[in-house]
Amino acid sequence: MTDPAPTTRILAVANQKGGVGKTTTAINLGTALAEAGHPTLIIDLDPQGNASTGLNSQADERELTTYDALAGQASLEEIMVGTALDDLCLCPGSVDLAGLDVELSNDSMRVRRLGDLLSAPALRERFEFILIDCPPSLNILTVNAMAAADGVVVPLQCEFFALEGLTQLLETVKQIQKSVNPRLCIEGICLTMYDKRNRLSSQVEEDVRETLGDIVYSTVIPRNVRLSEAPSYSMPALLYDPHCAGSEAYRALARELIGRTETPRAA
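Residues numbered from 1 in each chain as written. Predicted model: local features only at pLDDT ≥ 70, side-chain atom pairs only at ≥ 80, totals over all residues. Heavy atoms only, no water.

Q: I'd like a description of the nonpolar core, backed by residues and values.
A: Nonpolar side chains in soluble globular proteins tend to be buried together. Ranked by internal contacts, the top residues of the largest apolar core, which has 51 residues, are Leu41, Ile43, Leu76, Leu114, Leu118 and Ile132. Among the elements that make up this core, the one with the highest residue count is helix α8 (residues 140-148) (five residues). Once you skip the residues sitting within four places of it in the chain, Leu114 turns out to touch Ile43, Leu45, Leu70, Leu76, Ile132, Asn144, Ala145 and Ala148. Grouped together as the second largest cluster of nonpolar side chains are 28 residues, Ala34, Ile42, Tyr217 and Ala230 included. (Core = buried A, V, L, I, M, F, W, Y, C linked by side-chain atoms within 4.5 Å. Buried < 20%, exposed > 50% of the residue type's maximum accessible area, 1.4 Å probe, protein only. Helix = DSSP H or I, 4+ residues; strand = E, 2+ residues; numbered from the N terminus. Contact = heavy atoms within 4.5 Å.)

Q: Give a detailed account of the environment of Gly49, specifying residues and quantitative values.
A: Residue placement: Gly49 occurs in the loop between β2 (40-44) and α2 (50-54). The exposure class of Gly49 is buried, given its relative accessible area of 0%. Taking the C-alpha atoms as reference points, Gly49 and Glu78, 29 residues apart in sequence, are found 18 Å from one another. Not counting chain neighbours up to four residues away, the residues in contact with Gly49 comprise Asp44 and Arg62.

Q: Explain the pattern of salt bridges to me, using residue names and the numbers behind them.
A: A full pass over the atoms with the stated rule returns 13 salt bridges. The shortest N-O distance in the salt bridge between Asp46 and Lys22 comes to 3.8 Å. Placement of the pair is Asp46 in the loop between β2 and α2 and Lys22 in helix α1 (residues 22-35), with a sequence separation of 24 residues. When sorted by exposure, Asp46 lands in the same class as Lys22, which is buried. Across the salt bridge formed by Arg251 and Glu35, the nearest N and O atoms sit 2.6 Å from each other. (Salt bridge = Lys/Arg side-chain N within 4 Å of Asp/Glu carboxyl O.)

Q: Give me the lowdown on empty space enclosed by the protein, citing residues and values where you can.
A: Inspection of the entire model under this criterion finds two cavities of 30 Å³ or more. Volume-wise, the largest cavity comes out at about 40 Å³. Lining the largest cavity, in full, are Thr24, Ile27, Asn28, Leu227, Ala230, Pro231, Met235, Pro236 and Ala237. Ranked by residue count, the leading element in the lining of the largest cavity is α1, at three residues. Looking at side-chain class alone, the lining of the largest cavity contains seven nonpolar, two polar and no charged residues. In this structure, the second largest cavity encloses a volume near 30 Å³. Forming the boundary of the second largest cavity are Leu70, Leu100, Leu104, Arg110, Arg113, Ile140, Leu141 and Asn144. Ranked by residue count, the leading element in the lining of the second largest cavity is α8, at three residues. Considering only residue class, the lining of the second largest cavity consists of five nonpolar, one polar and two charged. (1 Å grid on protein atoms, 1.4 Å probe; cavity = no way out; pocket = protein on both sides within 12 Å on 5 of 7 lines; lining within 4 Å. Points joined across faces, edges and corners; volume = space filled by probe spheres on them. Nonpolar A, V, L, I, M, F, W, Y, C, P; charged D, E, K, R; others polar.)

Q: Give me helix α9 (residues 166-179): which residues, what numbers.
A: Look at α9: 20 Å from first C-alpha to last across 14 residues, which is about the 20 Å you get at 1.5 Å a residue. Along α9, the residues that are buried comprise Leu166, Leu169, Thr172, Val173 and Ile176. Taken end-on, α9 shows its buried residues confined to a sector of 120°, consistent with a single buried face. For α9, the exposed residues lying more than 90 degrees away from the buried face are Thr167, Lys178 and Ser179. On its buried face, α9 sits against α8, β6 (151-157), β7 (185-194) and α10 (199-212). (Expected span 1.5 Å × (residues − 1). Arc of directions from axis to C-beta.)

What follows is the structure, given as structure tokens:
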């Protein structure tokens, strides 16, 4: 497999715990990057397809999806669709992705399928960032994403059990580093659903920063009703309400991510 060109940064947005703002982060971070003039592709690897719906790709309108690409029936360029922003494209997901674990069980190279697809020169020439929205589990889809990625962005909810399960994710990253993808790193951990009125959020932030240090982004994503409302209108929050606190936070996160890009972080 040919490594992506250095100018293209491939990031898996992953956390095996559900409800932490993973898809919200993928959609709005990608939108913020594109809005800032950085051509971005979002790849929906979640069988629920929420990132696709959130970017106005409705399930009954998706002719080709990431399932077709991973099954060897199409290229990523063939399944790609546009969005409301010129610099933001989407490879939509499908419920069919749920069966890939079984379908690829006899394929010894199954963990490299996405990486092979992403080695296409046309993708590397077109996009500065490629964000992969992973399912809330450490299955073959998430492993494919990490095997193809340069780094992992981990959304972490500001709640009592925030660090629960994170050890397993970090261990998975280390295993993939050793066996499949030595360039993989933890790009950063993003605290989500932060409520400044709640003492628990502050305590969780303090604990996470003390435990994990500067791997945690300075930017925190607030609990914001506009972030929750936007998907019901099939829009990123940055387009639904450009000036809400959630939109401004994701713009700040995009700036921070861009600033870190030239210095990849170790897991």
